[in-house]
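# Residue-level structural notes
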Amino acid sequence: MSKGYVRMTKIYLMVLAFHPTVAENDSFTRGFASVTGSSPSMSSKTVVDAGSAKQRKPGRATNKPAPGTMPKRVVSYVLGLNILAAGIVLNTRSGLGVAAFTSSAYAFSNISSLSFGTATALIYLVLVVLELVLLRKPEPAVLLQIPFSFAFGIVVDVYDALFPRWSLSLAGQFVLLAVAILCTATGVTLSVRANFVVAPPDGTVQTISRVSGRDYGLVKNVFDLTMMGVTVVMCLSTGSPLYGLGIGTVLSALLNGRIIRLLEMALDRHTALGQH
């Protein structure tokens, strides 16, 4: 698994580094906001909430990275992906419920006996197909989400294998949930600041918003409810428990976005101080 993980990561980063769309297309700047309930714009000066974020025209270059920043962006992206995957897996270990976008993959994994990472990749690929159908043409920003799905699925499986399934008290479950939410928020922040490829759940929300002309925040809320609805249907139709839904789902939605905004402001201040 580790060899495949390293090989996939190297190939994926080569594609990211040399694809001209990655550094310039604003559709990448929302990163992994799908796990947060908000859509932060990773400008060095502002952080925009999903409910009030205005849609920019796709393809317009904004916040183009300065020359020589690629190594730092790659480190931020890879580190962010790993911390995010660790947070997602730890969330499942708490037993209190996972984030809305993770619930379908988690339920699918438990029902089908597929690995969590494989189930995540398959759900992501379904969302990529939905994007392509809605757009009616293959856009590079969307096509790059295909290798992302496989790569991220591998990363999730690595951490799923690393972390044991602890037997915790209720207090211990909430402590683990808090650690998971902090990891998720940190991973999101680092990944999005790298300004590479968005996760398919967030890409799907962007695409629906573009095609329908609806507000991003509204589409995001409907998307999250839909994913939870899919989870409920999958579980009830197979006579399974409601995997992944619980108080943790609610707390993740309430806290992730706020923690990301705090982290983003702290990093912005650090960057500003470094420029003086």
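On a predicted model such as this, the values are computed, not experimentally measured, just so you know. Every residue gets a number counted from 1 within its own chain, in the order that chain's sequence is written. Local features are withheld for residues below a pLDDT of 70 in this predicted model, meaning they are given only at 70 or higher, and side-chain atom pairs are given and counted only at 80 or more; totals for whole chains, interfaces and linings count all residues. Values reported for side chains reflect all heavy atoms of the structure, with hydrogen atoms and water molecules removed beforehand.

Here the focus is a nonpolar patch on the surface. Residues Leu170, Phe174, Ile247, Val250, Leu254 and Leu255 make up a contiguous nonpolar surface patch of roughly 520 Å² in combined accessible area. Secondary structure elements are taken from DSSP: a helix is a run of H or I of four residues or more, a strand is a run of E of two residues or more, and numbering for both begins at the N terminus. When contributions to the nonpolar patch are tallied by element, the ones reaching two or more residues are α8 (170–193) and α11 (247–275). Here the nonpolar patch takes four residues from α11, the largest share from any one element. Think of a patch as exposed residues, more than 30% relative accessible area, with no salt bridge, where like charges cluster within 9 Å and nonpolar side chains (Val, Leu, Ile, Met, Phe, Trp, Tyr) cluster within 5 Å. Only the protein chains shown count as covering a residue, and every accessible area follows the Shrake-Rupley method with a 1.4 Å probe. We define a salt bridge as a contact between a side-chain nitrogen of Lys or Arg and a carboxyl oxygen of Asp or Glu at a distance within 4 Å.

Further remarks concern the nonpolar core. By convention a nonpolar core is built from buried Ala, Val, Leu, Ile, Met, Phe, Trp, Tyr and Cys residues, the set being connected through side-chain atoms within 4.5 Å. Three exposure classes are used, based on accessible area relative to the maximum for each residue type with a 1.4 Å probe and protein chains only: buried under 20%, partly exposed in between, and exposed over 50%. Of all hydrophobic cores here, the largest spans 39 residues; its most connected members are Tyr77, Phe116, Phe148, Phe152 and Tyr159. Of all the secondary-structure elements, those providing two or more residues to this core are α3 (70–94), α4 (100–112), α5 (116–135), α7 (145–162), α8 and α10 (216–237). For this core, the element with the highest residue contribution is α3, accounting for eight residues.

With that settled, consider unusual backbone geometry. Located in the positive-phi region is Ser113, a residue other than glycine, with phi close to 70 degrees. Relative to the helices and strands, Ser113 resides in the loop between α4 and α5. In this model, Arg136 sits at a positive phi of 65 degrees, which is unusual for a non-glycine residue. Tracing the chain through its elements places Arg136 in the loop between α5 and α6 (140–143). Assessed through its relative accessible area of 77%, Arg136 is described here as exposed.

Turning to α4, a few remarks are in order. In this analysis, the expected span of each helix is defined as 1.5 Å times one less than the number of residues it contains. Its 13 residues place the ends of α4 19 Å apart at the C-alpha level, agreeing with the 18 Å of an ideal helix rising 1.5 Å per residue. Among the residues of α4, those classed as buried are Ala100, Phe101, Thr102, Ser103, Ser104, Ala105, Tyr106, Ala107 and Ser109. A positive phi of about 70 degrees marks Ser113, the residue just after α4.

Moving on: the packing of aromatic side chains. Centres within 6.5 Å make a pair out of two Phe, Tyr or Trp rings, where for Trp the six-membered ring is used; the pair is then stacked when the planes are under 30 degrees apart, edge-to-face when over 60, and tilted otherwise. For the coordinates displayed, the defined rule picks out seven aromatic pairs. An angle of 10 degrees between the planes, with centres 6.3 Å apart, marks the rings of Tyr124 and Phe152 as stacked. Placement of Tyr124 in helix α5 and of Phe152 in helix α7 is noted, with a sequence separation of 28 residues between them. Ring plane angle 35 degrees and centroid distance 5.9 Å describe the contact between Tyr159 and Phe163, whose orientation is recorded as tilted. For Tyr159, a relative accessible area of 17% translates into the label buried. Three or more aromatic residues joined by ring pairs make a cluster, and in this case those are Tyr124, Phe148 and Phe152.

The next thing to look at is the confidence of the model for the protein chain. Across the protein chain, pLDDT averages 77, with 74% of residues at or above 70. Within the model, the stretch residues 17–63 combines pLDDT values under 50 with 125 contacts to residues more than four positions away or in other chains. A score between 0 and 100, pLDDT records how confident the predictor is in each residue. Working rule for contacts: check all heavy atoms of both residues, and any pair within 4.5 Å makes them a contact.

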